[in-house]
Every structure is written in C-alpha cells, then in structure tokens.
Amino acid sequence: KSTEIKEIKYGPLSPANRTDEAMVAFRNYGLGQFIHWGLYAIPGNEWEGVSARGGAAASEWIRSWRGPSAPKDWVNTYDNLYKQFNPKDFDAKRWAKQAKDMGAKYVIFTTKHHDGFAMWPTKYSPYNISKTPYKKDIVKEVVDAYTAVGIDVYLYFSVLEWNNPDYMGKEPKTEEEKKKFDKFLKYTRNQLLELMTNYPKMKGFWFDGTWDQSWIKSYDFTYNLEKELREKHPGLIIGSRFRNDEFGKRHFDSNGQMLGDYEQGWERKLPGDITWLEGRDWDCVMTIPPNGWGYMKDWSGIYTKTTDDIIDMLTYSASLSGNFVLNFGPDGQGNMHPEEDKIAKELGEWMKINGEAIYGAKHAGMTNSKLGYFTKKADNLYLTVFNRPVNNIVRISVPKAATEVPVSATLLVNGQMLEVRHSDLGIDLDKNTYYDVLLPKSFQSDRAFVIKMKTGAPK
Ligand code: JFZ
C-alpha cells in the first residue's frame, strides 16, 4: 500500500463507522431479504418455452437476450410487457409476514431495475406502474406492509436505464450528448427525491447500474446529489456502490476511504476473512440459483442453494460482522417460487431457535474452527456447528492472551447444559489454550446447531 495521501475533493460524505441509531440498526440486522420484481417476472427467464439460461446473464436481464424464440422485435416486445402486468396474487402483507417469519430485519426492494420500468407512479417517466392494468403503487404497498411488521425498507435503484434515450454508457462528449445526459441526471435526481418524499419511512438506497463512464465522469453531480439526499433524509444509509471520486475510483476513493456507509461489493460472494473488511460494515446479497435475481420459472438442471447452504453463508457472514441478504424473485402474479417458500420457512424455523447467534452478533476474534463459525455478543460466545466431531468433543482453541474464555455452555435448541473443561492439547501451547465442550451422544440434529457459551476470566 502506498502511504502517499492524495488530495481528493470528492471523497466520503459520511463519517466512517457511523454510530447513529439508523446505522447501529443496520449493523445489527444480521439477515435481510432482497426482492427483484419487475416486468422480467412475466417471462420468468424463458420465452415460448425456450429457456434464456446461458443466453442472458440472469433472468432480470432477459431484455438483452437474443434467443431462438425471441421475436425479431424482442426489445419492443419486452418494453410492452407492462401492458400485461397485473399480479392478481400480489399481497405485500403476505410477503411481509413471510419475511418476518423467516427472521429478516430489512428488505431491499427493486423500485426500478435496468429496464427502466418504475414500480411506483413516478411523475418523471410515463414508463411506470400506473400504466399497467394493475395501476396501484407497488412500492408503497411494500414499504407500508414491511414497515408495519417492523422490517426496515431499503430501495434498490438502478441508475442505468436500457430504454431511456437520454441515457448513454460512454462519457458524453458533444454538446448534444452533454445536454442529453444532463437531462438524464436531473431525471435521476428527481426520481430519488421523489422516492424519499413518497416513502419517508424508507431507510436507505441500494444503488446499482453505476458502472458506466457517463456516471463515473459525473462525480461532481453525484457528490452533490449524495449530499442533498443525506440532508433531506437524516440517517439515510447508502452503500458504496453509488459513486466514485474524481479519479474514477468506485466503492473506495483513491486513498482507500469507503464511499458510503457500508461496503456493497459482496454480490454473490463472501469475503475470505475478517482482514479484508478492516472494520467496515458490509452486506452480502445472495441468489438461490447460481445467478438470476428475477423470477426463474425453471429451476431444474442447475444447482440451487439449499437451506443448509443459506444457513452456512448467513452464519459465516455474521462471524465476519456482516449482514446476509437472501434474494427472492416473485413471479408475474406476485407469488414466490415454491422453493423460495420452502427455504423461507425452513430458515425461519432455524432462526427462531438460533437467531440470537446472528442478530447483533459480531466477529468473535477466535481462531477459525473447522467445526463451524463463532459469533459473540456481550459475554456470550456462539459456535454454530456444521461439522460435528465423531467423538462429540467440541474443542475450542482460545488465544492464550484472551481475558475471556468459555466457562459454561448450553445448546440453543433445547437449553441443555453442556460440560466445559479445560484441556491441554499439544498444539501451539505457547499461543493457545484449549477448552472442550462435551456433546451428549443422545443429542441429534439434522441441521447446524448452536452452542452458546458464557465467557469469563480464565481460572
Ligand atoms: C447487478 C444487476 O445487474 C443484477 O441484475 C442484480 O440486480 C444485482 C443485485 O446487481 O449485478 C451486479 C452488480 C454488481 C456486481 C455484479 C453484478 N459486482 O459489483 O460485482
């Protein structure tokens, strides 16, 4: 790393590691839900029975697909799908209840994806929900229903728009281009202010589609816009994917300072270890299929993550002090995929028992264990066990310098007390000391289970 500090005019606009109420809430969410819903839900990643898999990056990208069953004027066909958008089964309260039962503390909802279609009746573009047979304001229904059950709402917003004639990916150079893109920037500002005005209960934005040169070169505009958004909505939370500095550095400025309140780069991937994060807040957003955020009718022939996979990634995220956000792609009628329903239910059952190892729980500073992941909260140390030892001895390595060590243990699933004993193993005894938690042979579990330990001064 270079130690030279660059002069930066367009660096961070909010302090690192904010400690206000909104940010503390964000830090403690643990589990969130993402919802990708828009016109792409109608084709569901296929057209006239032909799958777009492989042809499109993901189901919500089907507009850019050129598959064999796509008509010649496919883009036009896609752009007219709104005339059919009439989700007769949509009930935001039902979704909110499902998310609540699953244990989600926040939801990120697509107000507008790359296709440019607005799920709210925006004044700034005719291409919006009010022109569909459904007519009603979907963003409002989602914000109200989720807020009513105590789930915080974040608005996903794609800056880039495929079908907007004023949008361009490259840097605007000619006077005409500059005029056009300037119009687009004003439009973007209007929509964002409109969203904050219409839905004052929203907590933040999850920005996307900010990677094009046109946006990157608009750093003066985006800096001032972020400032304005924050002024108009105290406590607003914005991730690191909104803007860049004047040198084109996105997510982090040229001095490595994060641009935004949390690191937003963990899209379908997870950090390798805690050192990557350098104490920053972050979230991981994850699909159940390999890729595909919008509805996919057909889940056959691809690896779709199991509830156990999800619990693993969720617990791992918590062990590195991050939030884990699970994506759902409802169909054109407003129903979740049946597999999503199943995972939501199973995850909720697990969270009801084991959620205390996730919510508000942070990196425990323990040596990584092959058995599972550690989290901590006050004087509680949690170990979510994925790999149970055949001898039922859960051996925990504690750094010798630790002032807190496990003194007692229980199973979260049934409250059973477990014996904890100090053991002297041979490995690195100058650095580590060992504690064994004994599992009863009779204890059975077909999912990961949590050992909750109380910590105290070593005897
Ligand atoms: C974007 C979208 O293109 C996609 O459709 C979906 O909405 C997802 C949540 O976000 O895809 C991305 C965005 C960022 C990265 C990768 C895919 N990234 O930073 O690596």
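What counts and how
Per chain, residues are indexed from 1 in the order of the written sequence. At least 70 in pLDDT is required for a residue's local features to be given in this predicted model, at least 80 for side-chain atom pairs to be given and counted, and no such filter applies to totals for whole chains, interfaces and linings, which use all residues. UniProt positions are given in the numbering used here, feature names are shortened, and annotations may be inferred rather than shown by experiment. For two strands to pair, DSSP has to find at least two bridges joining them. Put simply, DSSP H or I for four residues or longer makes a helix, DSSP E for two residues or longer makes a strand, and each gets a number counted from the N terminus. Every angle, taken between N-to-C directions, lies between 0 and 180 degrees, and every axis is a line fitted to C-alpha atoms, over only the stretch in contact when it is a helix. This entry defines residue contacts through backbone-placed C-beta atoms, with two residues in contact when those atoms are within 7 Å. Where each domain begins and ends is defined by an automated method or by a domain database. Amino acid classes used here: Ala, Val, Leu, Ile, Met, Phe, Trp, Tyr, Cys and Pro are nonpolar; Asp, Glu, Lys and Arg are charged; the rest, including Gly, are polar. Each angle is binned into one of four classes, with values under 35 degrees roughly parallel, values over 145 roughly antiparallel, values of 65 to 115 roughly perpendicular, and all other values oblique. For any helix crossing, the convention is left-handed if the near helix is rotated counterclockwise from the far helix by under a right angle, and right-handed if that rotation is clockwise. Exposed residues have 12 or fewer other C-beta atoms within 10 Å of their own C-beta, buried residues have 20 or more, and residues in between are partly exposed; the C-beta atoms are placed from the backbone.

Looking at an unreviewed UniProt entry, the protein chain carries the name alpha-L-fucosidase, with the source organism given as Sphingobacterium anhuiense. According to its UniProt record, the protein chain has this under Function (unreviewed entry): "Alpha-L-fucosidase is responsible for hydrolyzing the alpha-1,6-linked fucose joined to the reducing-end N-acetylglucosamine of the carbohydrate moieties of glycoproteins."

S.K.: What is the right way to look at the sheet that holds strand S15 (residues 417-423) in this model?
M.R.: Strand order across the open sheet formed by seven strands is S11-S12-S17-S14-S15-S16-S13, with antiparallel pairing between neighbours. Looking along the sheet, the strands with just one partner apiece sit at the ends: strand S11 (372-377) and strand S13 (393-399). On average, each strand axis in the sheet is inclined to that of its neighbour by 25°, with strand direction left out of account. Helix H8 (residues 307-319) rests against S11 and strand S12 (380-385) of the sheet, and its axis sits at about 45° to S11.

S.K.: What is the right way to look at the domain arrangement of the protein chain in this model?
M.R.: Split into domains, the protein chain comes out as domain 1 (21-357) and domain 2 (372-456). Relative to domain 2, the C-alpha centre of domain 1 lies at a distance of 38 Å. On the domain 2 side, the residues contacting the twelve residues of domain 1 number eleven residues. For the side of domain 1 that touches domain 2, the secondary-structure elements that each account for two or more residues are H8 and helix H9 (338-354). Broken down by element, the residue count for the side of domain 1 that touches domain 2 peaks at seven residues, all from H8. When its residues are assigned to classes, the side of domain 1 that touches domain 2 shows six nonpolar, three polar and three charged.

S.K.: Sorry if this is basic, but what is going on with the packing of helix H3 (residues 92-102) against helix H4 (residues 138-148) here?
M.R.: Between H3 and H4, whose axes approach to 8 Å, the crossing angle comes to 40°. As the angle between them shows, H3 and H4 are arranged oblique. In the packing of H3 onto H4, the handedness of the crossing is right-handed. In contact with Ala92, Lys93, Trp95, Ala96 and Ala99 of H3, H4 contributes Glu141, Val142, Ala145, Tyr146 and Ala148. Along the lines of polarity and charge, the residues of the contact of H3 with H4 split into eight nonpolar, no polar and two charged.

S.K.: Just to check I follow, could you spell out the pairing of strand S6 (residues 204-208) for this structure?
M.R.: A regular strand places its side chains so that they alternate between the two faces of the sheet. Buried residues dominate S6, accounting for five of its five residues. Alternating positions in S6 separate into two faces, Gly204, Trp206 and Asp208 on one and Phe205 and Phe207 on the other, with burial throughout. The pairing of strand S5 (residues 152-158) with S6 spans five bridges and is parallel. Bridged to Tyr156 within S6 is Trp206. Direction of pairing for S6 relative to strand S7 (residues 237-238): parallel, over a ladder of two bridges. In the sheet register, Phe205 faces S7, and the bridge partner there is Ile238.

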